[in-house]
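Here is what each chain is made of, one letter per residue.
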Amino acid sequence: MAQRYGGKYSPQGGEDDAPLSGSAQTRNTTTPAVNPFEGRRRSRVGGRVNLLFAAPLPLVFTAFTSGPVGLATDLVALGVLWFGAWLTREGVRAHEAYDARKVARRPSLPRKVIGAVMIGMGIATAAMGPDASLLGPVLLGLIGTALHILSFGLDPMTAKGMDDVDTRQHGRAMRAVGEAEKMLTDMQAAIMRTGDRRMQARVEKFGTTARTMFRTVEEDPRDLTAARKYLTVYMMGARDAAVKYAGLHPRDRDTKTRAEFEALLDDLEQNFAARTRKMLADDRIDLDVEIDVLRDRLRRDGIEAR
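Small disclaimer: the values here were computed from a predicted structure and weren't measured.

Peer 1: Explanation requested: the overall build of the chain in the structure shown.
Peer 2: From N to C terminus, the chain includes ten helices and zero strands. Counting all 306 residues of the chain, 35% fall into the buried class. In the chain, once contacts between residues fewer than 6 apart in sequence are set aside, the share between residues at least 24 apart is 76%. For the chain, the exposed area adds up to about 18,900 Å²; of that, 59% sits on carbon and sulfur atoms.

Peer 1: Looking at this model, I keep getting lost on the packing of helix H8 (residues 197-219) against helix H9 (residues 224-248). Mind explaining?
Peer 2: Each pair of packed helices can be described by the angle between their axes along with the distance between the axes. In contact at an axis separation of 11 Å, H8 and H9 are set at 160° when each is read in the N-to-C sense. Relative to H9, H8 is oriented roughly antiparallel. Regarding H8 and H9, the two cross each other, and that crossing is left-handed. Contacts from Met199, Phe206, Met213, Phe214 and Val217 of H8 reach H9 at Leu224, Ala227, Tyr230, Leu231, Met235, Ala238 and Tyr245. Partitioned by chemical class, the residues of the contact of H8 with H9 number twelve nonpolar, no polar and no charged.

Peer 1: In this structure, what is going on with a positive patch on the surface? I would like to understand it.
Peer 2: A surface patch of like charges, here positive, comprises Arg105, Arg168, Arg172, Arg175 and Arg228. With three residues, helix H7 (residues 167-192) is the single largest residue contributor to the positive patch. If you trace the backbone, Arg168 turns up in helix H7.

Peer 1: Explanation requested: the pattern of salt bridges in the structure shown.
Peer 2: Two side chains with opposite charge may pair up if their charged atoms get near one another. Counted according to the given criterion, the structure contains eleven salt bridges. Linking Arg211 and Glu181 is a salt bridge whose minimum nitrogen-to-oxygen distance equals 3.2 Å. Linking Arg211 in helix H8 with Glu181 in helix H7, this pair joins segments that are 30 residues apart in sequence. Residue Arg258 is joined to Asp196 by a salt bridge in which the shortest nitrogen-to-oxygen separation is 2.8 Å. Here the residue Arg258 occupies a position in helix H10 (residues 255-300), and Asp196 occupies one in the loop between H7 and H8, the gap between them amounting to 62 residues. We note that Arg258, like Asp196, is buried. Overlapping salt bridges, with partners in common, bring together Glu181, Arg211, Arg215 and Glu218 in one network.

Peer 1: Sorry if this is basic, but what is going on with the nonpolar core here?
Peer 2: Note on soluble globular proteins: their nonpolar side chains tend to be buried together. With 29 residues, the main nonpolar core has Met187, Phe206, Val217, Leu231 and Phe261 as its most contacted residues. At the level of elements, H7, H8, H9 and H10 are the ones that each hand at least two residues to this core. In terms of residues, this core owes the most to one element, H9, which gives nine residues. Look past the residues within four positions of Leu231 in its chain and what remains in contact with it is Ala176, Val177, Ala180, Met183, Met213, Phe214, Val217 and Leu224.

Peer 1: I keep staring at the environment of Phe206 and nothing clicks. Help me out?
Peer 2: Within the element layout of this structure, Phe206 appears in helix H8. The spacing of Phe206 and Asp266 is 60 residues in sequence and 8.1 Å in space, taken between C-alpha atoms. When near neighbours in sequence (up to four residues on either side) are disregarded, Phe206 contacts Leu184, Met187, Met235, Ala238, Leu265, Leu268, Glu269 and Phe272.

Peer 1: Would you mind going over the UniProt feature "transmembrane region" (unreviewed entry) in the chain with me for this structure?
Peer 2: When the UniProt feature table is mapped onto this chain, "transmembrane region" (unreviewed entry) is found at residues 45-64, 70-88, 109-128 and 134-154. What you have in residues 70-88 is 100% helix and 0% strand, and the ends, taken at the C-alpha atoms, are 27 Å apart. Secondary structure content for residues 134-154 is 86% helix and 0% strand, while the C-alpha to C-alpha distance between its ends is 27 Å.

Peer 1: So what exactly am I meant to see when it comes to H8 here?
Peer 2: The α-helix winds at 3.6 residues per turn, so residues separated by three or four positions along the chain end up facing the same way. The end-to-end C-alpha distance of H8, which contains 23 residues, comes to 33 Å, matching closely the 33 Å that a straight helix rising 1.5 Å per residue would cover. Measuring from the backbone nitrogen of Arg198 back to the side-chain oxygen at the start of H8 gives 3.3 Å, which picks out Asp196 as the cap.

Peer 1: Just checking my understanding: could you explain the packing of helix H5 (residues 111-127) against helix H6 (residues 135-152) for this structure?
Peer 2: Between H5 and H6, the least distance of the axes is 7 Å, while the angle of their chain directions is 150°. In terms of orientation, H5 lies roughly antiparallel with respect to H6. Regarding H5 and H6, the two cross each other, and that crossing is right-handed. Here Lys112, Gly115, Ala116, Val117, Ile119, Gly120, Ile123, Ala124 and Ala127 of H5 lie close against H6, whose contacting residues are Pro137, Leu140, Gly141, Gly144, Thr145, His148, Ile149 and Phe152. Within the contact of H5 with H6, the residues separate by chemical class into ten nonpolar, six polar and one charged.

Peer 1: Would you explain the packing of aromatic side chains in this entry?
Peer 2: Aromatic rings in a pair are described by how distant their centres are and how their planes are angled relative to each other. With the rule as written, the count across this model stands at five aromatic pairs. Seen in terms of ring centroids, Phe83 and Trp86 are 6.1 Å apart; in terms of plane orientation they differ by 20°. Their pairing is stacked. Highlighted residues: Phe83 and Trp86, both in helix H4 (residues 68-100), separated by three residues, approximately one helical turn. Owing to a relative accessible area of 39%, Phe83 belongs among the partly exposed residues under this scheme.

The rules we used
Residues numbered from 1 in each chain as written. Predicted model: local features only at pLDDT ≥ 70, side-chain atom pairs only at ≥ 80, totals over all residues. Heavy atoms only, no water. Helix = DSSP H or I, 4+ residues; strand = E, 2+ residues; numbered from the N terminus. Buried < 20%, exposed > 50% of the residue type's maximum accessible area, 1.4 Å probe, protein only. Contact = heavy atoms within 4.5 Å. Areas by Shrake-Rupley, 256 points an atom, 1.4 Å probe, with all protein chains shown as cover. Axes fitted to C-alpha atoms, helices over the stretch in contact; angles between N-to-C directions. Parallel < 35°, antiparallel > 145°, perpendicular 65-115°, else oblique. Left-handed = near helix turned anticlockwise from the far one by under 90°. Nonpolar A, V, L, I, M, F, W, Y, C, P; charged D, E, K, R; others polar. Patch = residues over 30% accessible without salt bridge, like charges linked within 9 Å, V, L, I, M, F, W, Y side chains within 5 Å. Salt bridge = Lys/Arg side-chain N within 4 Å of Asp/Glu carboxyl O. Lys, Arg positive; Asp, Glu negative; His and termini not counted. Charge placed at Lys NZ, Arg CZ, Asp CG, Glu CD. Core = buried A, V, L, I, M, F, W, Y, C linked by side-chain atoms within 4.5 Å. UniProt positions renumbered as here; feature names shortened; annotations may be inferred. Expected span 1.5 Å × (residues − 1). Polar contact = N/O pair within 3.5 Å; in protein donor to acceptor, adjacent residues only side chain to side chain. Phe/Tyr/Trp six-rings, centres within 6.5 Å; stacked < 30°, edge-to-face > 60°.

Quick look at the structure:
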């Protein structure tokens, strides 16, 4: 019987590639491989944002080669520029989260706009000299603010997909989803500490299924009642199990422990997927009922709907 070659430093291999029990082998062969990048977009938090942190670094050298006034001015400018860069990075992340959802509120704080203003103030402060007029630094600050807005754009200014959504109910749904997202992140971080790439991929696959439910609840907050147990009790149990597994992994590499944890993930994934399908089916039934009611009203008004 052929046997796949694997070792500690082989892809998808390692000391953890010991043979699994029969039931675990069956689950492993029937579980399709997951693409960790499925449904994801390339993050815009990259080179341009990081450049905002690197560009002011020369102020560190000029600050300590100037007099007391120059030292204070350059350090203040450096702090303002880094604060603007941090606000910009958070604003870009908030904008990405806004774009990834069909139903979303506008960010409570226009971070990119405030970041642009801070960048302009930092540039103006750095350009100030003991004998220079204020006109030049102010013009440079305005130019820096304008270039920042042209490069990173503005923050979302309006909510989307919330015309017929109860804002209070949507707020509760967002808080519940936020807590579930945090537990899922903690779960993935715990498995990352094990260095077990196969288990990391398995947890990532469960995360994809769980996030499908999260997005469903966000798009229709009425599903929160049906999904609350999954977002709280089940996610908490999955996180705690992952933390315990990660704690046992360095000391106990028993295949039985791995198989039990994989079985738990299988059960959770099947339950999450089934509940999500049920919520989507209920939404379709509600839509069919609304269409039938509308057709009856049109028929009573003497209008035949096609």
